[in-house]
Amino acid sequence: MVAVHLQDDLRRVLDEDGRVIKGAQVPPVPDEDLLRIFDTMTLVRVMDDRMMKIQRQGRLGFYMKSIGEEASHFAVYPLRKTDWVFPSYREQGAWFWAGYSVENYIDQLFGNEADPTKGRQMPVHHSASWLNYVSISSPVGTQIPQAVGTAMAMKISGTDEVCMTYFGEGTSSTGEFHVGMNFAGVHKAPVVFVCRNNGYAISVPIEKQTAAKTFASKAVGYGMPGVRVDGNDILAVIQVSMEAVDRARAGDGPTMIEALTYRREGHSSSDDPSVYRDPNEPETWGKKDPLNRLRGYLKHRGLYDEQAEKQIIERHNEAITAALARADSLGAPPVESLFDDVYEELPWHLVEQRQYLMAQPRTRSPHKH
Amino acid sequence: MPTMNIIQAVNDALRLEMAREPKVVVLGEDVGKFGGVFRATSGLYEEFGPERVIDTPLAEAGIIGTAVGMALYGMRAVPEIQFADFIFPAFDQIVNELAKFRYRSGGQYPCPVVIRTPYGGGIRGGHYHSQSPEAMFIHTAGLKVVIPSNPYDAKGMLLSCLRQNDPVIFMEPKRIYRAARGDVPAEDYIVPLGQAKVVREGDQVTLIAYGAMVPVIEEAADKAAAQGISCETLDLRTLMPYDIDTILASVKKTGRAVVVHEAPRTCGFGGELAATIYERAMEYLEAPIQRVTGFDTPFPYSLEHEYMPNADRVVGAVRATLEW
């Protein structure tokens with residue numbers, strides 16, 4: 001058996017004020033990248049606020065925020081353009097970091113004719129093959145064995161590419177989590193599992209998901225290292241991710257990272273957390289806010305400028321306003337496209353069904369978006 | 001020309017395509033060193049190595065899930081599910097993921113996985129080694145469903161499946177895995193998908209079947225012929241998309257149809273075929289369409305022979321269409 005190590009102690013680099021903890025290993029992230037990460041985290045926060053507002057106004061059918069969890073999105077920082085990501089549904093920052101645009105993002109939410117997924121899925125289910133970001137799925141955990149399969153294919157193809165997959169701690173209860181982790185361990189697949197432990201699976205708290213002391217400890221049963229990291233500490237997230245990605249790239253196999261964080265708001269626009277948790281709980285976690293901590297770190301490093309932050313917020317707000325106006329002006333995908341992409345070529349029965357639909361009077365959607 | 005059975009024909013197709021296309025990988029339980037419990041992947045491990053003929057851990061959702069990931073990346077993954085009865089742990093991966101990837105990604109992520117799985121009864125396998133779940137997959141938008149009935153088609157259609165870009169459930173009739181023998185060209189050839197085959201021409205009744213029921217309707221046609229009844233027999237070969245033109249041409253000629261499958265009757269593929277024929281050829285029909293199928297019961301063990309459609313029941317249905 002392979003000896004594996006479990007790091008049940010929380011890996012941290014920054015304290016709550018953004019100061020480097022004594023003895024902590026600071027990952028080699030250039031200042032320019034730190035500022036870009038701050039910019040991207042800010043975009044996520046501005047975007048989340050704006051989208052939830054328009055959802056409440058009835059202009060958007062559904063939305064999911066990630067406030068408080070943004071640092072965990074940057075586990076993708078060490079990845080190369082040729083690497084692949086199988087995301088879950090709460091890693092907005094990863095998408096933007098990879099190059100997914102504000103327009104792509106909002107067009108997908110609106111399901112309009114410019115939506116990269118052609119209006120095929122409800123909001124938040126992005127897909128971007130040009131970034132090697134694979135379609136988000138609603139049933140949790142399905143992406144885990146898929147990511148392992150891609151990683152196995154990378155290895156079979158003789159590349160040094162790496163695959164990363166995200167999921168929440170609730171997903172660790174699914175069969176697919178265990179199946180995927182086991183396949184990865186056995187086949188030494190170059191994959192990094194990132195478990196965002198944000199405390200809740202909709203309403204269900206962690207103690208009802210597992211009797212294990214930590215989620216990271218589950219890695220041991222599959223012969224891979226499990227690492228527990230402060231998921232609100234951007235530098236710690238990047239450090240453990242670098243180690244895991246390097247390990248995968250070197251052919252040493254998979255790693256599971258448990259990023260400990262907290263979902264400060266509801267699961268989605270359809271959720272009401274006041275029903276199931278102490279209303280003071282989110283405030284406690286607000287003190288560990290990942291954006292504040294990065295801001296603090298930048299201040300200590302002399303890289304922060306309050307005026308510049310205001311400009312960043314303004315720039316993102318303007319881009320979002322413009323993208324919203326554009327998304328609003330675009331129509332739904334063409335009716336006949338309903339039948340495209342079921343198969344590579346349209347079989348006879350779909351040709352007939354398309355002819356039938358096109359001959360019917362057009363109907364109006366009762367929903368705005 | 002070599003003579004092969006269906007297992008050998010499947011094996012030959014896999015070997016040929018793996019030699020031609022390095023992106024083809026085979027994965028599943030026992031498919032490697034052992035060569036599969038039915039020996040369909042025999043010798044491939046020795047020829048192509050453990051990275052392309054992969055013995056996986058025992059978990060169907062993992063076999064299909066990883067095959068999906070491989071296909072998204074550009075490989076041609078050919079997972080084997082040891083018995084079709086064991087496919088259900090992977091049902092979500094097949095129905096929600098594999099079948100829908102191209103569509104839900106807006107065409108960005110084709111997912112050409114070809115799932116091979118032996119299906120069907122008549123082997124004393126009971127509930128867990130005998131089922132015919134094809135209707136569930138035909139009902140799933142995004143999948144193609146292929147069921148060969150003989151070695152020639154098994155090789156030619158498997159090669160077709162491996163050279164197109166949609167996911168396929170390739171169901172192999174294990175009852176006649178070894179019994180169906182025939183000449184199979186050693187070289188490369190394909191049998192196109194979506195084309196039924198008129199096995200025998202006749203003018204009074206059209207018998208429609210696929211897979212292991214093809215020999216049953218052939219036997220029934222022989223018995224009917226002995227009674228002076230002329231049957232035309234169709235082997236559907238591809239169930240999705242099925243060959244509507246060949247079916248309608250035959251039924252319009254004969255005016256009568258009997259559809260045979262061993263899967264349960266209610267919501268079975270026979271119902272869909274009957275409805276489609278009624279919609280398009282009602283005026284040609286001399287009698288109601290008959291269905292000879294498995295029963296709406298779990299697949300039994302001791303009474304398997306009573307459950308399975310047989311030639312005499314098909315002849316009975318043929319007579320019913322003539323005597324109506």
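Residues numbered from 1 in each chain as written. Chains lettered and ligands numbered in written order. Predicted model: local features only at pLDDT ≥ 70, side-chain atom pairs only at ≥ 80, totals over all residues.

(A) Representation of the overall build of chain A. Along the backbone of chain A there are 10 helices and 8 strands. Within chain A, counting contacts between residues at least 6 apart in sequence, those at least 24 apart form 76% of the total. (Helix = DSSP H or I, 4+ residues; strand = E, 2+ residues; numbered from the N terminus. Contact = placed C-beta atoms within 7 Å.)

(B) Focus on the overall build of chain B. Counting its regular elements, chain B contains 12 helices and 14 strands. For chain B, whose C-alpha radius of gyration is 19 Å, the value lies close to the compact-globule estimate of 20 Å for 324 residues. For chain B, the spread of C-alpha atoms along the principal axes amounts to about 60 × 45 × 40 Å. By residue count, 58% of the 324 residues in chain B fall in the buried class. (Rg over C-alpha atoms; globule rule 2.2 N^0.38 Å. Buried ≥ 20, exposed ≤ 12 C-beta atoms within 10 Å, placed from the backbone.)

(C) Inspection of the packing of helix α4 (residues 143-156) of chain A against helix α3 (residues 60-73) of chain B at higher detail. The contact between α4 of chain A and α3 of chain B brings their axes to 6 Å, and the two run at 55°. When the axes of α4 of chain A and α3 of chain B are compared, the pair comes out oblique. Seen along the crossing, α4 of chain A lies across α3 of chain B with a hand that is right-handed. Residues Pro-145, Gln-146, Ala-147, Val-148, Gly-149, Thr-150, Met-152, Ala-153 and Met-154 of chain A of α4 of chain A form the contact with α3 of chain B, whose own contacting residues are Ala-61, Gly-62, Gly-65, Thr-66, Ala-67, Val-68, Gly-69, Met-70, Leu-72 and Tyr-73 of chain B. Among the residues making up the contact of α4 of chain A with α3 of chain B, the classes are represented as 12 nonpolar, 7 polar and no charged. (Axes fitted to C-alpha atoms, helices over the stretch in contact; angles between N-to-C directions. Parallel < 35°, antiparallel > 145°, perpendicular 65-115°, else oblique. Left-handed = near helix turned anticlockwise from the far one by under 90°. Nonpolar A, V, L, I, M, F, W, Y, C, P; charged D, E, K, R; others polar.)

(D) Structural context of the sheet that holds strand β1 (residues 6-11) of chain A. All names here are of chain A. Strand order in the open sheet formed by 6 strands is β1-β7-β8-β4-β3-β2, with parallel pairing between adjacent strands. Two strands close off the open sheet at either side, each with one partner strand: β1 and β2 (84-86). Ignoring strand direction, the axes of neighbouring strands in this sheet form an average angle of 15°. Strand direction decides the pairing type here: β1 and strand β7 (residues 226-230), joined by 3 bridges, are parallel. (Pairing = 2+ DSSP bridges.)

(E) Spatial organisation of the packing of helix α1 (residues 31-56) of chain A against helix α8 (residues 290-300) of chain A. All names here are of chain A. Put simply, α1 and α8 touch, their axes get as near as 11 Å, and they point 150° apart. Considering their axes alone, α1 and α8 lie roughly antiparallel with respect to each other. As α1 runs across α8, the sense of the crossing is left-handed. Touching Leu-34, Ile-37, Phe-38, Met-41, Thr-42 and Arg-45 of α1 are Leu-291, Leu-294 and Leu-298, all from α8. Grouping the amino acids of the contact of α1 with α8 by side-chain chemistry returns 7 nonpolar, 1 polar and 1 charged.

(F) Molecular detail of the interface of chain A and chain B. Listed by partner, the interface residues are 37 residues for chain A and 37 residues for chain B. For the side of chain A that touches chain B, the secondary structure elements donating two or more residues are α4, α5 (175-186) and α10 (348-359) of chain A. Here the element with the most residues in the side of chain A that touches chain B is α4 of chain A; it accounts for 10 residues.

(G) Region of interest: helix α12 (residues 311-323) of chain B. Residues and elements named next belong to chain B. Between its terminal C-alpha atoms α12 stretches 18 Å, which fits the 18 Å expected from 13 residues at 1.5 Å a residue. Buried residues of α12: Val-314, Val-315, Ala-317, Val-318 and Thr-321, and no others. Take α12 and look down its axis: the buried residues cluster within an arc of 160°, on one side only. Elements in contact with the buried residues of α12: β10 (205-209), α8 (214-226), β11 (231-235), β13 (257-264) and β14 (290-294). (Expected span 1.5 Å × (residues − 1). Arc of directions from axis to C-beta.)

(H) Highlighting helix α3 (residues 102-110) of chain A. All names here are of chain A. Across the 9 residues of α3, 8 count as buried, placing the element largely inside the fold. Inspection of α3 places Val-102, Asn-104, Tyr-105, Ile-106, Asp-107, Gln-108, Leu-109 and Phe-110 among the buried residues, and these make up the whole buried set. On the buried face of α3, the contacting elements are α1, α2 (92-98) and α9 (306-329). Following α3 by one or two positions, Gly-111 adopts a phi angle in the positive range, close to 60°.

(I) Summary view of the environment of Gly-294 of chain B. Residue and element names in this part refer to chain B. As for its placement among the helices and strands, Gly-294 is situated in strand β14. Residue class for Gly-294 comes out buried when judged on the 21 C-beta atoms lying within 10 Å of it. Gly-294 sits 174 residues away from Gly-120 along the chain, and the two C-alpha atoms are 11 Å apart. What Gly-294 contacts, discounting residues up to four positions off in sequence, is Glu-262, Ala-263, Pro-264, Arg-265, Tyr-307 and Pro-309.

(J) Up close: unusual backbone geometry. Residues and elements named next belong to chain B. With an omega of -5°, the peptide bond between Met-240 and Pro-241 qualifies as cis. Tracing the sequence through the fold places Pro-241 in the loop between β12 (238-240) and α9 (244-254). You will see that Arg-39, though not glycine, has its phi angle at about 75°, which is positive. Mapped onto the secondary structure, Arg-39 falls in the loop between β2 (24-28) and α2 (44-48). For Arg-39, a count of 15 C-beta atoms within 10 Å translates into the label partly exposed. Phi angles above zero are rare outside glycine, and Arg-124 is one such case at about 60°.

(K) How the structure looks around the nonpolar core. Counting 192 residues, the largest nonpolar core has Ile-257 of chain A together with Leu-207, Val-260 and Val-314 of chain B as its most contacted members. Leave out the neighbours within four places in its chain, and Val-314 of chain B touches Leu-207, Val-216, Ile-217, Ala-220, Val-258, Val-260, Val-292 and Pro-309 of chain B. (Core = buried A, V, L, I, M, F, W, Y, C linked by C-beta atoms within 7 Å.)

(L) Quick peek at the confidence of the model for chain B. Confidence along chain B averages 98 in pLDDT terms, with 100% of residues attaining 70 or more. For this predicted complex, the interface score ipTM comes out at 0.96, while the overall pTM is 0.97. (pLDDT = per-residue confidence, 0-100.)

(M) A look at the sheet that holds β13 of chain B. Residues and elements named next belong to chain B. Strand order in the open sheet formed by 5 strands is β9-β11-β10-β13-β14, with mixed pairing between adjacent strands. A single partner strand is all that each edge strand has here, and the edge strands are β9 (197-200) and β14. Averaged over all adjacent pairs, the angle separating strand axes in this sheet is 25°, with direction ignored. Looking at chain direction, β13 and β14 are connected through 5 bridges and run parallel. Looking at β14, one finds that Val-259 is bridged to Arg-291. Set on the sheet, helix α10 (residues 269-281) makes contact with β10, β13 and β14; between it and β13 the angle comes to about 155°.

(N) Here's a closer look at the pairing of strand β5 (residues 114-119) of chain B. All names here are of chain B. Within β5, 6 of the 6 residues are buried, which leaves it mostly tucked inside the rest of the structure. Bridge count between β5 and strand β7 (residues 168-173): 6 bridges; the pairing is parallel. Each residue of the ladder has a partner; that of Ile-115, found in β7, is Ile-169.

(O) Region of the structure containing the pairing of strand β4 (residues 191-197) of chain A. Residue and element names in this part refer to chain A. With 7 of 7 residues buried, β4 is to be regarded as a mostly interior element. Residues Val-191, Phe-193, Cys-195 and Asn-197 of β4 are buried on one face, and the alternating residues Val-192, Val-194 and Arg-196, pointing to the opposite face, are buried as well. Two elements, strand β3 (residues 163-168) and β4, share 6 bridges in a ladder whose sense is parallel. Bridge pairing links Thr-165 to Phe-193 in β4. Handedness of the crossover joining β3 and β4 through α5 is recorded here as right-handed. Summarising the sheet, β4 and strand β8 (residues 255-260) pair through 6 bridges and their orientation is parallel. Of the residues in β8, the one forming a bridge with Arg-196 is Ala-259. (Right-handed = clockwise from strand over helix to strand, strands pointing away.)

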